[in-house]
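Listed below are the residues making up each chain.
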Amino acid sequence: MSELTHAGYRPGAGAWNALSARTAEYTARSAVILLLLLVWTPAGSATAQQAVTTNTCVSCHADLDDEDMSLPVAEWQRSAHRPADIACQDCHGGNPASMVEDEAHDVERDFVGLPDPYVVHELCGECHQVQMENYVPSPHGLEGDFWPNCVDCHENHEVVFPRASLISIPDNCEDCHEQEIMDDFIALTDRGLEPVNEFRRAAEEIRSAGVPVDLILAQASLARDAYIQQASHVFVLDKMTAVVDSLEQVYPRIQKEVNTARTEVDTRRRFGWMFIGLFLVLAGVIWLYRRALPED
Amino acid sequence: MSSTPKPPGTDVPPGKPRKSPGKTRPDPVRRRRFLRKCLGALGGVGFLMAVYPLIRYIEPPPEAEGANRVEIDKASLPPGTSRTVIYRGRPTIVVNTSDGYIAYNAVCPHLGCVVKWEGGTQSLICPCHGGKFGTDGSVQGGPIPGPLTAVELSVSDDKIIIGA
Amino acid sequence: MIRRLSNALYHWLDDRVEISIVIDFCHRQLTKPVPRHLNWLFSFGTVTLAFFLSQAVSGVFLMIYYEASADTAYESVRYIMEQVRFGWLMRQVHSYGANFMIAFLLLHSVRVFFYGGYKKPRELTWLFGFALLCVTLAFGFTGYLLPWDQLSYWGTTVGTEIAAATPVIGEYLLILMRGGEIISDVTLTRFFMAHVVLLPWVFIGLVAVHLVLIRYKGISPLEGTDVPEKTPEELKKAGGKPFYPQHVMKEAIVVLLVLASMIFMIIYYPLPLHEKADPFNTPVGVRPEWYFLSSYQALKYLPKTIGIIGSGLVVLAICLLPFWDRTPARRPSRRPVATSLGIMFIVLNIVLALLGKISETEMTIMGTRYHFDIYGWPHAIATVEEPAAEPDTGDGGTE
Ligand code: HEM
Ligand code: FES
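Residues numbered from 1 in each chain as written. Chains lettered and ligands numbered in written order. Predicted model: local features only at pLDDT ≥ 70, side-chain atom pairs only at ≥ 80, totals over all residues. Heavy atoms only, no water.

Undergrad: Residues and numbers for the overall build of chain B, please.
TA: Across its full length, chain B carries 1 helix and 10 strands. Ordered by position in the sequence, the α and β elements of chain B form the string α-β-β-β-β-β-β-β-β-β-β. Put simply, of all contacts in chain B between residues at least 6 apart along the chain, 38% involve residues at least 24 apart. About 9400 Å² of surface is accessible on chain B, with carbon and sulfur atoms providing 56% of the total. (Helix = DSSP H or I, 4+ residues; strand = E, 2+ residues; numbered from the N terminus. Contact = heavy atoms within 4.5 Å. Areas by Shrake-Rupley, 256 points an atom, 1.4 Å probe, with all protein chains shown as cover.)

Undergrad: Tell me about the pattern of salt bridges, residues and numbers included.
TA: Under the criterion given, the structure shown has 21 salt bridges over all chains. Across the pair R85 of chain C and E59 of chain B runs a salt bridge whose closest N-O atoms are separated by 3.3 Å. With R85 of chain C in the loop between α4 (73–82) and α5 (87–114) and E59 of chain B in the loop between α1 (28–58) and β1 (70–73), this residue pair bridges two chains. The network of salt bridges with common partners includes R191, D245 and E248 of chain A. (Salt bridge = Lys/Arg side-chain N within 4 Å of Asp/Glu carboxyl O.)

Undergrad: Run through the sheet that holds strand β4 (residues 100–105) of chain B, naming residues and quoting values.
TA: All names here are of chain B. Taken in spatial order, the 3 strands of this open sheet run β2-β3-β4, and their pairing is antiparallel. For this open sheet the edge positions go to β2 (82–87) and β4, each flanked by a neighbour on one side alone. With strand direction ignored, the average angle separating the axes of adjacent strands in the sheet is 25°. The sheet contact formed by strand β3 (residues 90–97) and β4 spans 6 bridges and is antiparallel. Bridge pairing links N96 to Y101 in β4. (Pairing = 2+ DSSP bridges. Axes fitted to C-alpha atoms, helices over the stretch in contact; angles between N-to-C directions.)

Undergrad: How would you sum up the packing of aromatic side chains? Please name residues and give values.
TA: Tallied over the entire structure, the rule returns 33 aromatic pairs over all chains. Note on Y57 of chain B and F61 of chain C: the rings are 5.7 Å apart at their centroids and 70° apart in plane angle, and the pair reads as edge-to-face. Separated into two different chains, Y57 of chain B in helix α1 and F61 of chain C in helix α3 (residues 44–65) make up a pair that spans both. Comparing Y57 of chain B with F61 of chain C, the two get one shared label, buried. Where Y291 of chain C meets F292 of chain C, the ring centres are 5.0 Å apart and the plane angle is 65°; that geometry is what we call edge-to-face. Assigned by exposure class, Y291 of chain C and F292 of chain C land together as buried. What links up through ring pairs into an aromatic cluster is the set F271, F275 and F279 of chain A, Y52 of chain B together with F86 and W88 of chain C. Its guanidinium or amino end placed over the ring of W287 of chain A, R291 of chain A lies 4.9 Å from that ring's centre, counting from NZ or CZ. Over the aromatic face of F243 of chain C sits the side chain of R215 of chain C, whose NZ or CZ is 4.0 Å from the ring centroid. (Phe/Tyr/Trp six-rings, centres within 6.5 Å; stacked < 30°, edge-to-face > 60°. Buried < 20%, exposed > 50% of the residue type's maximum accessible area, 1.4 Å probe, protein only. Lys NZ or Arg CZ within 6 Å of the ring centre and 35° of its normal.)

Undergrad: An account of the sheet that holds strand β6 (residues 123–125) of chain B is requested, with residue identities and associated values reported.
TA: Residues and elements named next belong to chain B. Taken together, the 4 strands give an open sheet; going across it, the order is β5-β6-β7-β8, and neighbouring strands pair in antiparallel fashion. Strand pairing shows two members of the sheet lacking a second neighbour, β5 (116–118) and β8 (139–141), which therefore form its edges. Here β5 pairs with β6 via 3 bridges, running antiparallel. Looking at the pairing, K116 lines up with I125 of β6.

Undergrad: Talk me through empty space enclosed by the protein; I want residue IDs and the actual numbers.
TA: The gaps left among the atoms become clear once a water-sized probe is rolled over them. Across all of its chains, the model carries 6 cavities of 30 Å³ or more by this definition. In this structure, the second largest cavity spans a volume of roughly 80 Å³. As for the second largest cavity, its lining consists of A209, G210, V265, R268 and R269 of chain A together with M81, W88, Q92, I266, I267 and P270 of chain C. Looking at the lining of the second largest cavity element by element, the count peaks at 3 residues for helix α12 (residues 237–291) of chain A. Tallied by class, the residues present in the lining of the second largest cavity amount to 7 nonpolar, 2 polar and 2 charged. (1 Å grid on protein atoms, 1.4 Å probe; cavity = no way out; pocket = protein on both sides within 12 Å on 5 of 7 lines; lining within 4 Å. Points joined across faces, edges and corners; volume = space filled by probe spheres on them. Nonpolar A, V, L, I, M, F, W, Y, C, P; charged D, E, K, R; others polar.)

This is the structure in structure tokens:
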């Protein structure tokens, strides 16, 4: 039932519907992905909302003299996992509520000192499912005997938001790969993601000028998600190129929205300046008139 | 806004003797009259400029994306029943007839009452002055000047979609 | 042509209802001379009035689409800003106008204070002005809730909370204001009623008396109250200019310049609409609007009851100013104590407001990151070497 008024007006709602339809054009997997998105975003935020009670791993290890044992805490505190409330026990097991060393390191409670490199992707994959699904069949996964695994590229404790620069970590990728290959990957990533970053920057700028950008941001997010879910951890240049190519079909459409919004900003400003000009001229004329009034 | 104040003196028509030759002191009365005209003109422009957005503001706002499309669950419209929804700001009647779904702009072409579905006679009737329409929208009785306007309709697996 | 027509109309009316009496009276009042010392500062009252008119017009237009209920208020404001043609302009004019109006109202009161305009025989003008100040602040307070976004919801929550500190009746007062334990639908509709029905009419009544009193008594002279005030004829001889058109034009120029600067702000720094209000999720750093900030901050430093009684006394003192400051001098330089007390009071308020603004925020100053606690006191929390890496590709988690 359509609404006559704005009672049911949900900004950007139409955008999402229209968009899911559009994504279907270029990705057969979008349904799966959206489903996964649903599964996996709340997982992150639900934990984030738990009250941050004292974690005994952190409180104890932070003060240990042995650098190898205390540094991970410092690193983790800088990581993207900390604000998401992903802590030691999520990978190392044990009991983060006990101050007794034996209890805290209880093997019965799945304590592991150093997680097996062959299962690291499963640990990360609990939340980062799509990445894991792409990674396992990739040349880095089963084929490459799980080498490199997640933490080889993303760090184990100081996990940071991924960046394109991670593709060419010094002393990491070049052990196996030629620089040219890596350059190709970097170029492809830029081709796929730079426009998205560009749209977001533009959207922020336009938003601060008062013009709604929900549609642009929704489309940009969808494109970025498509890239991350279908290309980022595939590690096969051809497959990734195909994804980026299909994304590039959508970008002009988003660009058009950006341009329309920019024009709207300009129109508003021009309209405003007309008023400002009129007011100033009026003030000037009144001033002249006042000076021309007779003395008494 | 081209009527910016002219520099002093220029509002004295050429050829007329100035009050004090050598100095360009205009006659203050003329000068005031000129400035008053400027004020009037600018005020008028300002008034129009202020009124324009106000009038545009009260015009019906452009429809949000997706507003020109109404979806009805098939399950909610069993055979032989009808439902009236708002489509593009107008009451629109959708009927599940034995020959399939039909949709009409429900506003009677006579004097604007909203028509109803009458299952017994398989017709749309207007409660106001006895107007009667067939399932094809044609006039079947009453003081009606013309047929009902059909509304675009399509059917998917579980939905009836009115509009594009 | 137009002149002849209006002349005819005038005579027609005059023959029947003697409007010439009214018109002559108005003309005499309007052309009464004002003293020579009137400068630009004396137009702030008119600027405030102009903003009231602009608020009335834009407010009426906003009401066409605004729907006052917790379910629809936010959506309708968004609808106005995003769907309605020029809706963005209407909302910006109204919300910026509110801020400008209060700013110029405060400037106006400050001007009146420093020029001793409240002294005998203008005590009533001051009292009505004070009532107008209260009404205008109430306009701001009730209007702030109407968009029903996070900022307005929680700003109003902390704002109404202040009332609860009133001794004895505090809790009851709070419930009365909110219409319940928390800000809800009920609060919204009563605030809406006050904002669009009650306050406007009260304002119109008060402002009419305020203006009549001003015209009747004339703008205050600079001489002390012990010198008899000049009659209009004497004023004219002393070089006073008629109120209309000379002074009115000066005021019109100021009004136009202020309006132009408001439009500039609107097109370059439009006021945002934040997320919809969520009664279960308090954002960090909630604070009321800037014009309540200094008193809000002051209350933090004092025990609750002392704070509320103290600020109540300060407000009362301002209200009754003409009755306890009965010194004759008007010129600021002739009353150094009042002038310096006034300056100190203003500085104090600005400092408090700034403290309120930075409290509960973080800021990096010369490489060190500081957290400002609720008192606005800085605590170093970290040394920042390099700007944090920008999340480039994100991890795919959508907001
Ligand atoms: C919405 C609020 C108000 C409006 C529209 C308003 C308007 C005006 C106007 C147009 C004047 C003429 C002189 C001038 O503009 O400086 C005036 C004078 C005056 N106002 Fe206000 N005013 C308001 C609020 C106040 C407040 C809050 C106070 C003080 C608490 C106040 C106290 C006075 C006094 C005492 C005068 C006479 C000053 C003199 O004769 O020198 N007014 N007001
Ligand atoms: S309005 Fe329908 S028959 Fe008259």
